[in-house]
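Structure at a glance
One letter stands for each residue in the lines below.
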Amino acid sequence: MTAIHDALLLAERNLRRLPRNPDMLVGVTFQPIMFVVLFTYVFGGAIVTPGYDYIDFFLPGIVIQMIAFTGYATSLGISDDLRKGLIDRFRSLPIARSAVIAGRTFSDIAMNVIALATMVIVGFIVGFNFSSTAGEIVAGFALVLLFGYAMSWVYAFIGLISSTPESASALITIIIFPLTFVSSVYVPTKSMPQVLEAIANVNPITTIVDALRALWLGAPAGTDIWVGLIWCAGITAVFSVLATARYRRTVAR
């Protein structure tokens, strides 16, 4: 309980910076609006999505992509804190070591809520509609936030293993960017070449996107929802351990 309390205090510290640095909100407000509008009106007419209007097919995908990238600031922030020596100051405080990283991931939940609300509102404006029950819609929101929390731990680990914010940014581009594009975010995987289709079908991003479409649009779910939950739990479990262990090695130097 003490570790959770410490993590919540540090999460509050991260969120208190927002009024002083409003540009931090650009990535979770303006960028989602830009993606939804541009892809709907520029590319939507050229992409065939059997059974759905493109905006209905596209919005669950872009929600997952944007949530997957929301933790970007966490990675850069942790790397910057290490470089500036702020982590050494935290080490001198009587707080749980895991709280420093957990606090970052907790604050990401608030950022994810802002991004999610922004995209859904813009989606409604350009024509998106839910095609499921209220319970399924709420379950979809929960799945999005759970996935976002899992990805926050991935970004925390990347920030800890990077020597500078620039190298953290490069790692994110190399690792996360291809995952989101070789998936069912923008197009049905059946439209891809055979090799890419096989890769996309085993991509966790595809599983989460298809699960969200099942919850929000009533698409055939199969095992996507349960497998998506397993992916979220597995990513959180693995990268929370890796990030915490890396942090302890870092502060022990």
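Everything in this summary refers to the structure shown in the same document. (Residues numbered from 1 in each chain as written. Predicted model: local features only at pLDDT ≥ 70, side-chain atom pairs only at ≥ 80, totals over all residues. Heavy atoms only, no water.)

Attention now moves to the packing of helix α3 (residues 54-70) against helix α7 (residues 134-161). In contact at an axis separation of 8 Å, α3 and α7 are set at 35° when each is read in the N-to-C sense. The handedness of the crossing between α3 and α7 comes out as right-handed. Residue-level inspection shows Val63, Ile64, Ile67, Ala68 and Phe69 of α3 in contact with α7, the latter providing Val144, Phe147, Gly148, Met151 and Tyr155. Taken together, the residues that form the contact of α3 with α7 break down as 9 nonpolar, 1 polar and no charged. (Axes fitted to C-alpha atoms, helices over the stretch in contact; angles between N-to-C directions. Helix = DSSP H or I, 4+ residues; strand = E, 2+ residues; numbered from the N terminus. Left-handed = near helix turned anticlockwise from the far one by under 90°. Contact = heavy atoms within 4.5 Å. Nonpolar A, V, L, I, M, F, W, Y, C, P; charged D, E, K, R; others polar.)

The next point concerns the packing of α7 against helix α10 (residues 204-217). Where α7 meets α10, the closest approach of the two axes is 8 Å, and the angle between their N-to-C directions is 160°. Taken together, the axes of α7 and α10 are roughly antiparallel relative to one another. In the packing of α7 onto α10, the handedness of the crossing is left-handed. Residue-level inspection shows Glu136, Ile137, Ala139, Gly140, Phe141, Leu143, Val144 and Phe147 of α7 in contact with α10, the latter providing Ile205, Ile208, Ala211, Leu212, Leu215 and Trp216. When grouped by side-chain class, the residues that make up the contact of α7 with α10 number 12 nonpolar, 1 polar and 1 charged. (Parallel < 35°, antiparallel > 145°, perpendicular 65-115°, else oblique.)

Now for the environment of Ala73. Residue placement: Ala73 occurs in helix α4 (residues 72-84). Owing to a relative accessible area of 41%, Ala73 belongs among the partly exposed residues under this scheme. For Ala73 and Asp108, which are 35 residues apart along the polypeptide, the C-alpha to C-alpha distance reads 8.8 Å. (Buried < 20%, exposed > 50% of the residue type's maximum accessible area, 1.4 Å probe, protein only.)

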